[in-house]
Amino acid sequence: MKRDFVTIDDLSDSALASLMDLADRIRSNLRGHAADLPGYLMGSLFLEPSTRTRLSFEASMLRLGGRVITSSDPDTSSSVKGETLADTIRIVDSYVDVTVLRHPCAGAARLAARLARGPVINAGDGSHEHPSQTLCDLYTLRSERGPIAAQTVVLYGDLRYGRTVHSLARALVRFGARVLAIADGGLSLPEFVVDDLAGRPGCGIREVRINDMEDVFRRRGVEALLIAPEVTLPPAVGAAPLELNLRDQKVHAIYVTRLQKERLRGEAHGTSLPILDHRFLRSPTFSDSIVLHPLPRVGEIARELDTDPRAAYFRQAALGVPIRMALLLWCCGMVDLGAKAAPPARLEACTGGACANLGCITVKEEPGFAEVGRDSDGRLRCLFCEERVSEPSGS
Amino acid sequence: MKRDFVTIDDLSDSALASLMDLADRIRSNLRGHAADLPGYLMGSLFLEPSTRTRLSFEASMLRLGGRVITSSDPDTSSSVKGETLADTIRIVDSYVDVTVLRHPCAGAARLAARLARGPVINAGDGSHEHPSQTLCDLYTLRSERGPIAAQTVVLYGDLRYGRTVHSLARALVRFGARVLAIADGGLSLPEFVVDDLAGRPGCGIREVRINDMEDVFRRRGVEALLIAPEVTLPPAVGAAPLELNLRDQKVHAIYVTRLQKERLRGEAHGTSLPILDHRFLRSPTFSDSIVLHPLPRVGEIARELDTDPRAAYFRQAALGVPIRMALLLWCCGMVDLGAKAAPPARLEACTGGACANLGCITVKEEPGFAEVGRDSDGRLRCLFCEERVSEPSGS
Amino acid sequence: MKRDFVTIDDLSDSALASLMDLADRIRSNLRGHAADLPGYLMGSLFLEPSTRTRLSFEASMLRLGGRVITSSDPDTSSSVKGETLADTIRIVDSYVDVTVLRHPCAGAARLAARLARGPVINAGDGSHEHPSQTLCDLYTLRSERGPIAAQTVVLYGDLRYGRTVHSLARALVRFGARVLAIADGGLSLPEFVVDDLAGRPGCGIREVRINDMEDVFRRRGVEALLIAPEVTLPPAVGAAPLELNLRDQKVHAIYVTRLQKERLRGEAHGTSLPILDHRFLRSPTFSDSIVLHPLPRVGEIARELDTDPRAAYFRQAALGVPIRMALLLWCCGMVDLGAKAAPPARLEACTGGACANLGCITVKEEPGFAEVGRDSDGRLRCLFCEERVSEPSGS
């Protein structure tokens, strides 16, 4: 079977752990792997601006002794002649051994994986997911703070359009970590992520009201969710929010994201969350928290933190190379991560209904591929972007 | 002698056959050639948008163990500082062992080959030629349909600005295939191609009127030419078109091209030719035809055909890599394709007259290189773009 | 210690000579070095348009058997999301073994070298310096004309914004060559270069009036400086210019630069210096001069010179590869260039004052890094762009 990596759920918990073990071994001798993928060719297909992720994947492939072909500028590629993703991916796939795809539409990587003969890695699809960033995030959490199961992680910022947290939240829940999702008003985790999390075994979700740190959490519009094993399920409809004193928490990491301005569809948005700075981290709650960020940052984290030992975001970026090297070795069939199965598919395919999400690949570019499925609660969803789909009338 | 590949006529028939044989051997073990060009460096110079051709050449070089430097964005290169092609090519040539050039001006590759010390490969020069695509096309025709001499090939679409058919038509004629060129009004094969074909031994050209498939061929403006050994030469001036019933033909392949919108110089153009779909291919004439396209397509071929076994365009794209690997091996002097000579040069250099083609490299950018020659019928032509040149007054 | 190459003064005279010796050996077998940097990765970070320099560095790294990741289009990189250089460099540095940086701001390379763990090479920082071009220039002068100490070199054109001459002038002075700097009015060597040169041992600077070649040197606005060991120091304030007859000079090389239009800040500028052509070089002064140009040229050198044996600019470009290969070997710790120290730092760090140069990295993008120092004459300067800084009031 082809080893695609479209979502973080494509790898089981034990496979993720093995991948991190492998990354540890690679990291100890980064220049010693130049013969691991001889003759292998990676297609680096970035149909949306990127530096970090593209360079990280390319560095990883090259450090493994593989080669890379790159198409990174939408303006100088065949897309300007009007080519669709389906055509582009079939061509590039026919040239290479593994394809890394970034695309502005949700579901693009899943579509590409369907059409490609070789493995496809999702390097970000619209506001949907960014699972290789999650590998890097988990690997940093484990390297810096030990077992993930024991951790409490705060997600902080734009959680709606920040695709990295959509993949990360699921991974954290799978490992049993506690997640406190603090977002600007209107920018909390999207329904497709919340519904999916709520349907996972041993995971409860509850709106919370934070009683301390008023200057942060009592601002107009701030929304907070606690996603954790101990939250009682199901939440009573209309139930009051949980009352929470942050000073009783020990937060292992704060994961900050920037406002994804390029995804806002005409919505005006300032951010009302305060930026992370020395003052913010002075609270006992965060005295031992590392600070993560998928980067680039545009002001969410004060530069004065750069020299604070808790500032882990540059170390996090550096870890992207060994963990992506491990991922590429797996995708190219060079390592076995054990037989343990990945989590079951989130959706069971069915017929009827059509996606209406303007950011979905099947709506924006590839209507011929529209397909739907039902989630664990029986709700109809698009198989590509996971957004809710209206039940077909008369059914 | 330097092994440039500026036009398909730079390789003899037997050399082309040997190249395809070599591609067959390469294809059987694509990852096994990573030591064929050790220490060789290719310059990938694409001064016009491209994905497919550039990635195909780069994949080919990398699979041979060579390395690649790329300049693919006119907006971030020295051209924005006002540099001419002549300067750019001399520099890049001095860095590398072989240069692949795409340029918006006709004749650019010939000019580059003159100035470079190392071999130059034409990856498309304006509306002029695209000979490496023709290698790929011929290789697909041979792989899928056997000897080219026995085939009838329909060229279909924009044959005026679609440079790939300018190279392909000549190659097909050289191998003795029959060509039926069906174009939108105003977009039939340009005069410089038709004149050249008509001057080749054993090749006749005649306007045809197709009597069946009225829905396709009786549309306003559709123009059809039969280019085949059996067409009597010379055609009577003002002779009536040949009457042809397509149902009596067996077409081996339809080669479809898109409207080259970026080449239209202010001309308004819709296309009146119907798109290729299941209905089109239902005709007995095409029951056994494979469908080729240099891609990208923008609507000329319905997506419903993608799963039809006759749809060969994705297989065709994939064959671009092994055949370009073979070409690079030849250009770098690693293989010998036999002593058989290439066809004679199309033009014999002479003096007098000056090109007036606004799309020609010597008119648009490099006036210092203007040169002319006479074709086999004694007509004066530009040595670079092959367009007719007025006889100098008083001569 | 980390082997950065931010300025030409980072290498001692003897190290420069050894580097050129190494380049000579490399040049004799350019394809034989594909195993010199196995497993090494170079980051090619060009945040400003470039072809020549980027391709030259990439060709050099690849010919050494290293690998390259490239970010060359500011429009498709993280900078469009608002990332600062300091963040970008820390990330890229964490992926690679050596970074080559071009940036539109003066001082960018020095800032990058501070933040990076691995070596940083300055491939051009605003209007400030371009030391690897100087390596190439020196290497060409030595290869074509012998010992540099014995040469007289004319710098000709836009000497204010042409960063290559800012590095070259210092190197020539260090080797004891005589420099005649001839510039368009308003475009002579900037104060930060002239002051630095004047402070170097054995170097005098004097305004000159050239008495012959009136058609060139008596044009309105032409400014000429003689920078040479024999010029008496210090020049009397208000001293009359030196009178000079060019016919008494033997010029070994003319180094021509183009008007750096992209650096002019709203200033209107035509050039009044005549272009170099056969007529210009007919003067006995230049009968034996080679012509150099960092390229691209946009009209400063007539094309008719391209076939003149004195036209050395294409040979100069070609020499960029072996000398950059030598540089990369040094930066990556593969060769030792001797223990002889580099020249002392130009500025001694101190406190007080702030840079006001709008083209400086610390003003435009990274205010947190502002630092100043005093030059050998006690003047306060920015440590990054070297421009004068006002003394803090009250100090």
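In this text, all values refer to a predicted model and were calculated from it rather than measured experimentally.

A.B. asks: Any chance you could explain the overall build of chain A here in plain terms?
C.D. replies: Of regular secondary structure, chain A possesses 11 helices and 14 strands. Radius of gyration (C-alpha) of chain A: 21 Å, near the 21 Å computed for a compact globule of 395 residues. The C-alpha extent of chain A, read off along each of the three principal axes, is 60 × 55 × 40 Å. Put simply, chain A has 395 residues, and 53% of those count as buried. For chain A, restricting intrachain contacts to residue pairs at least 6 apart in sequence, the fraction spanning at least 24 positions comes to 75%.

A.B. asks: Before we go on, may I ask you to explain unusual backbone geometry in this structure?
C.D. replies: The phi angle of most residues is negative, glycine excepted, and most peptide bonds adopt the trans form. The omega angle of the peptide bond from B:Leu295 to B:Pro296 is 0°, so this bond is cis rather than trans. Relative to the elements of secondary structure, B:Pro296 occurs in the loop between strand 11 (290-292) and helix 10 (313-331). For A:Glu386, which is not a glycine, the phi torsion comes out positive at approximately 70°. Position of A:Glu386 among the secondary structure elements: in the segment after strand 14 (380-382).

A.B. asks: What's the story with the sheet that holds strand 5 (residues 152-157) of chain B in this structure? I'm lost.
C.D. replies: Paired through backbone hydrogen bonds, the strands of a sheet run either parallel or antiparallel to each other. Residues and elements named next belong to chain B. Ordered in space as 9-7-8-6-5-10-11, the 7 strands form an open sheet in which the pairing is mixed. Looking at strand neighbours, the two that pair on one side only are strand 9 (242-244) and strand 11, the edges of this open sheet. Neighbour to neighbour, the strand axes of the sheet diverge by 30° on average, direction disregarded. With 3 bridges joining them, strand 7 (residues 204-210) and strand 9 adopt parallel strand pairing. In the sheet register, arginine 209 faces strand 9, and the bridge partner there is glutamate 243.

A.B. asks: When you look at the relation of the copies chain A and chain B in this model, what are you seeing that I'm missing?
C.D. replies: Two chain copies here: they are related by a rotation about an axis and a translation along the same axis. In the superposition of chain A on chain B (RMSD 0.0 Å, axial shift 0.0 Å), the rotation amounts to 120°. Put plainly, the chains are arranged around a three-fold axis. Rotation axis and chain A: the residue whose C-alpha lies nearest the axis is A:Asp73, separated from it by 4.8 Å. Interface residue correspondence from chain A to chain B reaches only 4%, placing this contact among heterologous pairings that use different surfaces.

A.B. asks: Explain the pairing of strand 5 (residues 152-157) of chain C here, please?
C.D. replies: Regular strands place side chains that alternate from one sheet face to the opposite one. Residues and elements named next belong to chain C. Among the 6 residues of strand 5, 5 are classified as buried, and the element is accordingly described as predominantly covered. Across 6 bridges, strand 5 lies against strand 6 (residues 178-183) in parallel orientation. Counted as the bridge partner of glycine 157 is alanine 183 from strand 6. Examined bridge by bridge, strand 5 and strand 10 (residues 253-256) share 4 bridges and lie parallel to one another. Bridged to leucine 155 within strand 10 is tyrosine 255.

A.B. asks: What should I look at first to understand the interface of chain A and chain B in this one?
C.D. replies: How big an interface is tends to be expressed through the accessible area that disappears when the partners come together. Contacts between the two partners involve 23 residues from chain A and, on the opposite side, 22 residues from chain B. For the side of chain A that touches chain B, the secondary structure elements donating two or more residues are strand 2 (67-71) and helix 3 (85-95) of chain A. With 7 residues, helix 3 of chain A is the largest single contributor of residues to the side of chain A that touches chain B. By residue class, the composition of the side of chain A that touches chain B is 8 nonpolar, 9 polar and 6 charged.

A.B. asks: In this structure, what is going on with the interface of chain A and chain C? I would like to understand it.
C.D. replies: Across the boundary between the two partners, chain A contributes 22 residues, which contact 23 residues of chain C. Secondary structure elements with two or more residues in the side of chain A that touches chain C: helix 2 (52-63) and helix 10 (313-331) of chain A. Top contributing element to the side of chain A that touches chain C by residue count: helix 2 of chain A, with 7 residues. The class makeup of the residues in the side of chain A that touches chain C is 12 nonpolar, 3 polar and 7 charged.

A.B. asks: Quick question: what am I supposed to make of the domain arrangement of chain A here?
C.D. replies: Residue and element names in this part refer to chain A. Entries for chain A in the domain assignment read domain 1 (8-130 + 318-331), domain 2 (132-316) and domain 3 (345-395). The interface is formed by 21 residues belonging to domain 1 together with 24 residues belonging to domain 2. The set of elements that each furnish at least two residues to the side of domain 1 that touches domain 2 consists of helix 1 (13-27), strand 4 (120-125) and helix 10. No other element matches helix 10, which puts 6 residues into the side of domain 1 that touches domain 2. In the side of domain 1 that touches domain 2, the residues fall into 11 nonpolar, 5 polar and 5 charged.

A.B. asks: I tried to follow the sheet that holds strand 12 (residues 348-350) of chain B on my own but got confused; where do I start?
C.D. replies: Residue and element names in this part refer to chain B. Reading across the sheet, the 3 strands line up as 12-13-14 and stay open at both edges, with antiparallel pairing between neighbours. The open sheet has two edge strands with one neighbour each: strand 12 and strand 14 (380-382). Sheet twist, expressed as the mean angle between neighbouring strand axes with direction ignored, is 45°. Summarising the sheet, strand 13 (residues 372-374) and strand 14 pair through 3 bridges and their orientation is antiparallel. Across the sheet, glycine 373 pairs through a bridge with arginine 381, a residue of strand 14.

A.B. asks: Please clarify how the environment of C:Asp9 should be interpreted in this entry.
C.D. replies: Residue and element names in this part refer to chain C. Mapping aspartate 9 onto the fold places it in the segment before helix 1 (13-27). A tally of 18 C-beta atoms within 10 Å means that aspartate 9 is categorised as partly exposed. C-alpha of aspartate 9 to C-alpha of serine 167: the two residues are 158 residues apart in sequence and 8.6 Å apart in space. Leaving out residues up to four positions away in the same chain, aspartate 9 has contacts with Arg170, Ala342, Pro343 and Arg346.

A.B. asks: Just to check I follow, could you spell out the pairing of strand 1 (residues 41-46) of chain B for this structure?
C.D. replies: All names here are of chain B. Taken across its 6 residues, strand 1 has 6 buried, putting it largely inside the fold. Relative to strand 2 (residues 67-71), strand 1 is paired through 5 bridges, and the arrangement is parallel. Residue pairing across strands places serine 44 opposite threonine 70, the latter belonging to strand 2. Two elements, strand 1 and strand 3 (residues 98-103), share 5 bridges in a ladder whose sense is parallel. Paired with phenylalanine 46 across the strands is arginine 102, a residue of strand 3.

A.B. asks: Where do I start with the environment of B:Ala34 in this structure?
C.D. replies: As for its position among the elements, B:Ala34 is in the loop between helix 1 (13-27) and strand 1. Given 19 C-beta atoms within 10 Å, B:Ala34 falls into the partly exposed group. Remark: the alpha-carbon pair of B:Ala34 and B:Leu64, spanning 30 residues in sequence, is separated by 4.6 Å. With near-sequence residues (within four places) excluded, B:Ala34 lies in contact with A:Pro38, A:Gly39, B:Arg63 and B:Gly65.

A.B. asks: How do you make sense of helix 2 (residues 52-63) of chain B when you look at a structure like this?
C.D. replies: For an α-helix, the turn length of 3.6 residues means that residues three or four places apart are oriented alike. Residue and element names in this part refer to chain B. Relative to the 16 Å expected for 12 residues at 1.5 Å per residue, helix 2 spans 16 Å between its end C-alpha atoms, a close match to the ideal helical length. Counting buried positions over the 12 residues of helix 2 gives 12, a clear majority of the element. Once helix 2 finishes, glycine 65 follows within two positions and takes phi at roughly 85°, a positive value.

A.B. asks: I keep staring at the packing of helix 3 (residues 85-95) of chain B against helix 10 (residues 313-331) of chain C and nothing clicks. Help me out?
C.D. replies: For any two helices packed against each other, the geometry is given by the interaxial angle and the distance between the axes. Running from N to C, helix 3 of chain B and helix 10 of chain C cross one another at 35°; their axes reach a closest spacing of 8 Å. In terms of crossing hand, the pair formed by helix 3 of chain B and helix 10 of chain C is right-handed. Packed against helix 3 of chain B, whose contacting residues are B:Arg90, B:Ile91, B:Ser94 and B:Tyr95, the element helix 10 of chain C presents C:Phe314, C:Ala317, C:Ala318 and C:Val321 at the interface. For the contact of helix 3 of chain B with helix 10 of chain C, a count of residues per class yields 6 nonpolar, 1 polar and 1 charged.

A.B. asks: Can you walk me through the packing of helix 1 of chain C against helix 5 (residues 131-145) of chain C in this structure?
C.D. replies: Residues and elements named next belong to chain C. Running from N to C, helix 1 and helix 5 point in directions that differ by 70°, and their axes come no closer than 11 Å. Taken together, helix 1 and helix 5 sit at an angle that is classed as roughly perpendicular. Together, Leu16, Leu19, Met20 and Ala23 of helix 1 and Leu135, Leu138, Tyr139 and Arg142 of helix 5 make up the contact between the two elements. Counted by class, the contact of helix 1 with helix 5 contains 7 nonpolar, no polar and 1 charged residues.

A.B. asks: Sorry, what's going on with the environment of C:Pro49 here?
C.D. replies: All names here are of chain C. Tracing the chain through its elements places proline 49 in the loop between strand 1 (41-46) and helix 2 (52-63). Among the residues examined, proline 49 registers 20 C-beta atoms within 10 Å and is labelled buried. Between the alpha carbons of proline 49 and alanine 345 there is a distance of 30 Å; along the sequence they are 296 residues apart.

A.B. asks: Just checking my understanding: could you explain the confidence of the model for chain A for this structure?
C.D. replies: Close inspection of predicted coordinates is inappropriate in any region flagged by low pLDDT. In this model, chain A carries a mean pLDDT of 91, and residues with pLDDT of at least 70 account for 93%. Here the predicted complex scores 0.95 on pTM and 0.94 on ipTM.

What counts and what doesn't
Residues numbered from 1 in each chain as written. Chains lettered and ligands numbered in written order. Predicted model: local features only at pLDDT ≥ 70, side-chain atom pairs only at ≥ 80, totals over all residues. Helix = DSSP H or I, 4+ residues; strand = E, 2+ residues; numbered from the N terminus. Rg over C-alpha atoms; globule rule 2.2 N^0.38 Å. Buried ≥ 20, exposed ≤ 12 C-beta atoms within 10 Å, placed from the backbone. Contact = placed C-beta atoms within 7 Å. Pairing = 2+ DSSP bridges. Axes fitted to C-alpha atoms, helices over the stretch in contact; angles between N-to-C directions. Least-squares fit on C-alpha atoms with pLDDT ≥ 70 in both. Nonpolar A, V, L, I, M, F, W, Y, C, P; charged D, E, K, R; others polar. Domains from an automatic or database assignment. Expected span 1.5 Å × (residues − 1). Left-handed = near helix turned anticlockwise from the far one by under 90°. Parallel < 35°, antiparallel > 145°, perpendicular 65-115°, else oblique. pLDDT = per-residue confidence, 0-100.

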